[in-house]
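# Structural features, examined
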Amino acid sequence: MRVLVAGGAGYIGSHTVVRLLQHGDDVVIADNFSNSSPLVVDRLRRITGRPVKVEEIDLTDTADTKALMRNAKPDAVIHFAGLKAVGESVTNPGSYYSVNLRSTLSLLAAMQEAGVYCLVFSSSATVYGMNPPVPTPEDSPTSATNPYGWTKVMGEQILTDIAASHPQWRIGLLRYFNPGGAHPCGAIGEDPLGVPNNVLPYISQVAIGRRDYLSVFGDDYDTPDGTGVRDFIHVDDLAEGHVAALHRLTTMPRSLDVWNLGTGRGTSVLELRAAFEAASGRPIPYRVTARRPGDVARSLALVTKAERELGWRAQRGLLEMCQDAWRWQSQNPDGYR
Ligand SMILES: NC(=O)c1ccc[n+]([C@@H]2O[C@H](COP(=O)([O-])OP(=O)(O)OC[C@H]3O[C@@H](n4cnc5c(N)ncnc54)[C@H](O)[C@@H]3O)[C@@H](O)[C@H]2O)c1
């Protein structure tokens, strides 16, 4: 299969490109490198020994996206491209709605024109809002607590409407829980610009000495140690989930379906910190600060639907995730820079 990977130079996209190439698929990456480095492409070629085509493009530009789609002639598209920092979306909501929705609409228009109807969309557990059942099944109501989350709810709604009106589409919505870790070779990984938005890269930067301590937002939640519990999933498990979803779409009877990608296992922030200390051999000092508005006590995926329908389940554990994240961080203290 020939796959156009929109946002394929980014964190989850680059790991998915490795799995696609190793699976025998051909890949074209489309990215404007607004939150990634072109250097990742050489590393992908080195890891896989396979060619990777790259197109530098702003996917909010519909004319350029249509031209790309005509030239690339993919069988399917995986859409990772967009902005993802929750805090930044609160201070700058306009750019979040603009980039995340316009890139999706551009890709849809380009795919429609080129007759490409197979799409995997990066969604997030954030679409379950404040009080979903835990573990959370896919048929829970969707909602959001910040503009980033709303761009995912709205993206899902647009795709649901398109799939309902044009039954030739095959669309998979993948709701990720908390991705972490890196490819085990240490050559690719998460490389946040500025202050990391997620806890694992933050801990990693404390371990390497780029930050002084970890801020733990609240230790009075109704959880065993009082800190928030999350479902951390290794990015390579997530990548394999995309390959499974893509190939499921080719035989899927319905025009749209949705799957959680998580492990179903919960880890508290303090447990994550302890695992990272064990993996890195470095101390991770921390300070407890106030709860963050919008944070929930526990977030866990119900994973049975993905297991049953995609034949996929997460294989890697917490320690492996921390060891792989540390290998990437220690071999690349300043990321791709
Ligand atoms: N990382 C997470 O914790 C997480 C959790 C749930 C969902 N997601 C979603 O998964 C997707 C990928 O996340 P990630 O962590 O790999 O993010 P990332 O920022 O590393 O990757 C996104 C890529 O999209 C590119 N991009 C952004 N705007 C673009 C545009 N207009 N045109 C072309 N390229 C553009 C960026 O340069 C980057 O390479 C995102 O849609 C994100 O919302 C991420």
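This text follows the structure it describes.
Note that this is a predicted model, so its numbers are computed, not measured.

### Observations concerning the site of the ligand
- Around the ligand, the surrounding shell holds 28 residues, and the nearest of these are Asp 31, Asn 35, Ser 36, Lys 84 and Tyr 148.
- Between the ligand and Asp 31 there is a distance of 2.6 Å, counted from an oxygen atom to a side-chain nitrogen or oxygen.
- Alone, the ligand offers 830 Å² of accessible surface; in the complex the protein occludes 96% of this.
- Breaking the shell around the ligand down by element, the ones donating at least two residues are helix H1 (11-23), strand E5 (118-124) and helix H6 (147-165).
- For the shell around the ligand, the leading source of residues is E5, giving three residues.
- Partitioned by chemical class, the residues of the shell around the ligand number twelve nonpolar, twelve polar and four charged.

### Quick word on the side chain of Arg 175
- Mapped onto the secondary structure, Arg 175 falls in strand E6 (residues 170-176).
- Classification of Arg 175 by relative accessible area gives buried; the value is 4%.
- At 3.0 Å, the side chain of Arg 175 and the backbone oxygen of Glu 138 are in polar contact.
- If we skip the residues at most four places from it in the chain, Arg 175 touches Ser 123, Ser 124, Ala 125, Val 127, Tyr 128, Glu 138, Thr 142, Glu 156, Val 258, Trp 259, Asn 260 and Leu 261.

### Overview of the packing of aromatic side chains
- This structure, assessed with the given rule, holds four aromatic pairs.
- Pairing Phe 276 with Trp 326 gives two aromatic rings, centres 6.1 Å apart and planes at 85 degrees, and the pair type is edge-to-face. With Phe 276 in helix H9 (residues 269-280) and Trp 326 in helix H11 (residues 318-331), the pair connects residues that are 50 residues apart, well separated along the chain. Neither residue differs from the other here; Phe 276 and Trp 326 are each classed as buried.
- The interplanar angle of 50 degrees and the centroid separation of 5.0 Å between the aromatic rings of Trp 328 and Tyr 336 together place this pair among those described as tilted.
- Trp 328 gets classed as buried once you look at its relative accessible area, which sits at 3%.
- Between Arg 211 and the ring centre of Tyr 202, over which it is positioned, the NZ or CZ distance is 5.7 Å.
- Positioned above the aromatic ring of Tyr 213 is the side chain of Arg 287, whose terminal nitrogen or guanidinium carbon lies 3.8 Å from the ring centre.

### Some thoughts on the environment of Gln 331
- Secondary-structure assignment places Gln 331 in helix H11.
- By relative accessible area, Gln 331 is classed as partly exposed at 47%.
- Sequence separation of Gln 331 and Ala 187 is 144 residues, and the distance between their C-alpha atoms is 7.8 Å.

### Comments concerning the sheet that holds E5
- On the basis of which strands lie adjacent, the open sheet formed by seven strands has the order E3-E2-E1-E4-E5-E6-E11 and parallel pairing. Looking at strand neighbours, the two that pair on one side only are strand E3 (53-56) and strand E11 (256-261), the edges of this open sheet. Taking the axes of each pair of neighbouring strands and ignoring which way they run, one obtains an average angle of 20 degrees across the sheet.
- When E6 meets E11, the two strands line up parallel, connected through six bridges. Looking at the pairing, Ile 171 lines up with Leu 256 of E11.
- The sheet contacts of helix H3 (residues 62-72) involve strand E1 (2-6), strand E2 (26-31), E3 and strand E4 (76-79), and relative to E1 the element is tilted by about 155 degrees.

The rules we used
- Residues numbered from 1 in each chain as written.
- Predicted model: local features only at pLDDT ≥ 70, side-chain atom pairs only at ≥ 80, totals over all residues.
- Heavy atoms only, no water.
- Near = heavy atom within 4 Å.
- Polar contact = N/O pair within 3.5 Å; in protein donor to acceptor, adjacent residues only side chain to side chain.
- Areas by Shrake-Rupley, 256 points an atom, 1.4 Å probe, with all protein chains shown as cover.
- Helix = DSSP H or I, 4+ residues; strand = E, 2+ residues; numbered from the N terminus.
- Nonpolar A, V, L, I, M, F, W, Y, C, P; charged D, E, K, R; others polar.
- Buried < 20%, exposed > 50% of the residue type's maximum accessible area, 1.4 Å probe, protein only.
- Contact = heavy atoms within 4.5 Å.
- Phe/Tyr/Trp six-rings, centres within 6.5 Å; stacked < 30°, edge-to-face > 60°.
- Lys NZ or Arg CZ within 6 Å of the ring centre and 35° of its normal.
- Pairing = 2+ DSSP bridges.
- Axes fitted to C-alpha atoms, helices over the stretch in contact; angles between N-to-C directions.

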